[in-house]
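So you can see what is in the structure, the chains are spelled out below.
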Amino acid sequence: MEWKEVEPEQSDWEKQVNIVAYYGSVTIGSIVYCGDEIGWQSVIDGRMDFMQAKSLEDAKREMIDILDNHCTDQINYYEELRESIEELN
């Protein structure tokens, strides 16, 4: 995976940095800067959340934690789904 600064997708974003997986250049998530008033936000699966970050480096560290939690939640969801499917048999 790597950080990749890209042209912001929305006009109200001043800066956008994607986390890109090497395989097929898939964007896993983004951090966007929306100016001093709003600050940094994370974007994962189209959902935006405010971040506490005050700088790009802070936002990158916070995004890693956010993605770790997101992945854990997704894994737990699919494990529960698998258990429910097994109960159908």
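Before reading on, note that the structure itself is shown above.
The model shown is predicted, which means the values in this text are computed figures rather than measured ones.

A. Just the overall build of the chain, in detail. Helix and strand counts for the chain come out as 1 helix and 5 strands. Secondary structure elements in the chain, listed N-terminal to C-terminal, are β-β-β-β-β-α. Relative to the compact-globule value of 12 Å for 89 residues, the chain shows a C-alpha radius of gyration of 16 Å, a clear excess of over 25%. Here the chain, with 89 residues, has 30% of them falling under the buried criterion. Summed over its atoms, the accessible surface of the chain is roughly 6700 Å², and 47% of this surface lies on carbon and sulfur atoms. Once the 7 positive and 21 negative side-chain charges of the chain are each reduced to a mean point, those two points are 6 Å apart.

B. Up close: the sheet that holds strand E2 (residues 15–21). Taken in spatial order, the 5 strands line up as E1-E2-E3-E4-E5 in an open sheet, and their pairing is antiparallel. Each edge of the open sheet carries a strand with a single partner, namely strand E1 (2–6) and strand E5 (47–50). Shown here is a sheet whose adjacent strand axes are inclined to one another by a mean of 25°, direction ignored. In terms of strand pairing, E2 meets strand E3 (residues 26–33) through 7 bridges, oriented antiparallel. When the sheet's bridge partners are listed, alanine 21 is paired in E3 with valine 26. The sheet strands contacting helix H1 (residues 56–88) are E1, E2, E3 and strand E4 (40–44), and the helix crosses E4 at an angle near 30°.

C. Seen up close, the pairing of E3. Hairpin connection from E2 to E3: 4 residues lie between these consecutive antiparallel strands, with glycine 24 at a positive phi of about 70°. Both E3 and E4 contribute to a ladder of 4 bridges, which runs antiparallel. Each residue of the ladder has a partner; that of serine 30, found in E4, is valine 43. The hairpin formed by E3 and E4 contains 6 residues between the paired strands, and glycine 35 there has a positive phi angle of roughly 95°.

D. Representation of the nonpolar core. If you look at the biggest cluster of nonpolar residues, it comprises 11 residues: Val17, Ile19, Ile31, Tyr33, Trp40, Ile44, Met51, Ala53, Ala59, Met63 and Leu67. Mapped onto this core, the elements with two or more residues apiece are E2, E3, E4 and H1. No other element matches the 3 residues that H1 contributes to this core. What leucine 67 contacts, discounting residues up to four positions off in sequence, is Ile19, Ile28 and Ile44.

Rules used throughout
Residues numbered from 1 in each chain as written. Predicted model: local features only at pLDDT ≥ 70, side-chain atom pairs only at ≥ 80, totals over all residues. Heavy atoms only, no water. Helix = DSSP H or I, 4+ residues; strand = E, 2+ residues; numbered from the N terminus. Rg over C-alpha atoms; globule rule 2.2 N^0.38 Å. Buried < 20%, exposed > 50% of the residue type's maximum accessible area, 1.4 Å probe, protein only. Areas by Shrake-Rupley, 256 points an atom, 1.4 Å probe, with all protein chains shown as cover. Lys, Arg positive; Asp, Glu negative; His and termini not counted. Charge placed at Lys NZ, Arg CZ, Asp CG, Glu CD. Pairing = 2+ DSSP bridges. Axes fitted to C-alpha atoms, helices over the stretch in contact; angles between N-to-C directions. Contact = heavy atoms within 4.5 Å. Core = buried A, V, L, I, M, F, W, Y, C linked by side-chain atoms within 4.5 Å.

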